[in-house]
Amino acid sequence: MLYDAVVIGAGPAGITAALYLVRSGVSVALVENAAPGGQILSTAEIENYPGFPKSIKGWELADLFDAHLAGYPVERVRGQVLAMEQTGEKTFRLSLDEGRILEAKAVVACTGAHHRKLGAPGEDTFSGKGVSYCAVCDGNFYRGRDVAVVGGGNSAMEEALYLSRIVNKVYIIHRRDAFRGAMVYQQKVREAENIELVTSSVVDEIRGGSAGVDAVAVRNVKTGESRVISVDGIFIYVGMEPISGYLPEGTNRDAAGFVLTDAEMCTSIPGLFAAGDIRAKRCRQVSSAVGDGATAATAASSYLEQWECLPAPSS
């Protein structure tokens, strides 16, 4: 079947894009490889999304987004897009797992990004055995114990604050002496009695045995002094990498692989739009993802209105 639009990814950007597109009267398929919600499913508390002054749980907001879309005729497709190409018939051909194919006149890519690995010795060895990238998912395993959080942005501090409410002690390890995160989070982590800041320091090794992680070796980048901190778990938040490997070769990206778009979410390929964390941009928040999704859908709707008159892509 040929859809007017296929939206890839059911996070805040993707759900918003699908909602705006289906309300414009076009046929829409929404492809998702996991549960709807994207990164907000791994966020304990969202305090800065307008309309929820007392904050809201990440999974609760994800459920509300999904429920809003549930009453509309959007075709839900469970699976992963492995590759995409634009055919000579002005359509996009999407290859999914299990040999499935979808075709669309326009595509909105909203697959977001995943957590970047630290690259320290022991990280892969103890992945799932003390090394985690999601405090909400795994924090309860370390209730009453000592853990480390690596990073200095909003995600690292948000998750450190979440962990501080259930573990014995949290060490925040950051390579700089100043944090990048919002001041409201910085103030909270500095006031928390069971959070210790280990600044100007990098992780040299994650150590452990058959039972999992038992320590992390850190080094002060200014003094060269080394220190071994006893912990049962380490949560890593050192940036994100885009999930964009399936996009066509001609899609312009920045040095880190994030997709370049204009203000209307148009990519370098006509008919292909990108929204949310897959884009090259400064702000990666739920509110900005929703805005991206609405903008991309509006631009895609305008593209579809003139689709019949568009020339076929050159080979």
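Now for a look at the structure at hand. (Residues numbered from 1 in each chain as written. Predicted model: local features only at pLDDT ≥ 70, side-chain atom pairs only at ≥ 80, totals over all residues. Heavy atoms only, no water.)

Side note on the overall build of the protein
Of the regular secondary structure elements, the protein holds 6 helices and 19 strands. In terms of C-alpha radius of gyration, the protein reaches 21 Å, essentially the compact-globule figure of 20 Å for 315 residues. With respect to the principal axes defined by its C-alpha atoms, the protein has extents near 65 × 40 × 35 Å. For the protein, buried positions account for 51% of its 315 residues. When contacts within the protein are restricted to residue pairs at least 6 apart in sequence, long-range pairs at least 24 apart make up 58% of them. Total accessible area on the protein stands at roughly 15000 Å², and carbon and sulfur atoms take up 49% of it. Between the centroid of the 30 positive side chains of the protein and the centroid of its 37 negative side chains there is a distance of 4 Å. (Helix = DSSP H or I, 4+ residues; strand = E, 2+ residues; numbered from the N terminus. Rg over C-alpha atoms; globule rule 2.2 N^0.38 Å. Buried < 20%, exposed > 50% of the residue type's maximum accessible area, 1.4 Å probe, protein only. Contact = heavy atoms within 4.5 Å. Areas by Shrake-Rupley, 256 points an atom, 1.4 Å probe, with all protein chains shown as cover. Lys, Arg positive; Asp, Glu negative; His and termini not counted. Charge placed at Lys NZ, Arg CZ, Asp CG, Glu CD.)

A word on the pairing of strand 8 (residues 101–109)
Summarising burial for strand 8: 7 of the 9 residues are buried, a large majority. Across 4 bridges, the pairing between strand 7 (residues 92–96) and strand 8 is antiparallel. Bridging across to strand 8, Arg 93 finds its partner in Glu 103. Where strand 7 folds back onto strand 8 in an antiparallel hairpin, the turn is made up of 4 residues, including Glu 98, whose phi is positive at roughly 60°. As paired strands, strand 8 and strand 19 (residues 272–274) are joined by 3 bridges and run parallel to one another. Bridge pairing links Val 107 to Leu 272 in strand 19. (Pairing = 2+ DSSP bridges.)

A few points about the packing of aromatic side chains
Taken as a whole and assessed by the stated rule, the structure comprises 4 aromatic pairs. Considering the side-chain rings of Tyr 49 and Phe 52, the 6.3 Å spacing of their centres and the 25° angle between planes classify their relative orientation as stacked. Residue Tyr 49 is classed as buried on the basis of its relative accessible area of 15%. The class of Phe 52 is partly exposed, set by a relative accessible area of 26%. Ring plane angle 75° and centroid distance 6.1 Å describe the contact between Phe 273 and Tyr 303, whose orientation is recorded as edge-to-face. Of this pair, Phe 273 sits in strand 19 while Tyr 303 sits in helix 6 (residues 286–305); the two residues are 30 residues apart in sequence, bridging distant segments of the chain. Of the residues examined, Phe 273 reaches a relative accessible area of 2% and is grouped as buried. By the ring-pair criterion, three or more aromatic residues cluster together here, those being Tyr 49, Phe 52 and Phe 65. One Lys or Arg, Lys 90, reaches over the ring of Trp 307 and ends 4.6 Å from the middle of that ring. Taking the ring centre of Phe 258 as reference, the NZ or CZ of Arg 284 above it sits at 4.2 Å. (Phe/Tyr/Trp six-rings, centres within 6.5 Å; stacked < 30°, edge-to-face > 60°. Lys NZ or Arg CZ within 6 Å of the ring centre and 35° of its normal.)

Let's talk about the packing of helix 4 (residues 154–164) against helix 5 (residues 183–191)
Between two packed helices, the angle of one axis relative to the other and the distance separating the axes together describe the packing. Contact geometry of helix 4 with helix 5 gives a least axis separation of 10 Å together with a crossing angle of 40°. Viewed along their axes, helix 4 and helix 5 adopt a mutual orientation that is oblique. Here helix 4 runs over helix 5; the crossing is left-handed. Between helix 4, through Asn 154, Met 157, Glu 158 and Leu 161, and helix 5, the contact on the second element is made entirely by Tyr 185, Gln 186, Lys 188 and Val 189. Here the contact of helix 4 with helix 5 is built from residues that sort into 4 nonpolar, 2 polar and 2 charged. (Axes fitted to C-alpha atoms, helices over the stretch in contact; angles between N-to-C directions. Parallel < 35°, antiparallel > 145°, perpendicular 65-115°, else oblique. Left-handed = near helix turned anticlockwise from the far one by under 90°. Nonpolar A, V, L, I, M, F, W, Y, C, P; charged D, E, K, R; others polar.)

So, unusual backbone geometry
The phi angle at Ser 55 is positive, at roughly 75°, despite the residue not being glycine. For Ser 55, the position within the fold is in the loop between strand 3 (45–46) and strand 4 (56–57). Backbone geometry places Glu 98, a non-glycine residue, at a positive phi of 60°. Classification of Glu 98 by relative accessible area gives exposed; the value is 74%.

Points about the pairing of strand 17 (residues 233–236)
Burial along strand 17 is two-sided: Gly 233 and Phe 235 facing one way and Ile 234 and Ile 236 facing the other are all buried. Pairing of strand 11 (residues 146–150) with strand 17 involves 4 bridges; the strand directions are parallel. Looking at strand 17, one finds that Val 150 is bridged to Ile 236.

Concerning the side chain of His 115
Note on placement: His 115 falls in strand 9 (residues 113–115). The class for His 115 is buried, based on a relative accessible area of 18%. At a separation of 3.5 Å, a polar atom in the side chain of His 115 contacts the main-chain carbonyl oxygen of Tyr 133. If we ignore the near neighbours within four places in the chain, the residues touching His 115 are Gln 39, Tyr 133, Ile 236, Tyr 237, Gly 239 and Met 240. (Polar contact = N/O pair within 3.5 Å; in protein donor to acceptor, adjacent residues only side chain to side chain.)

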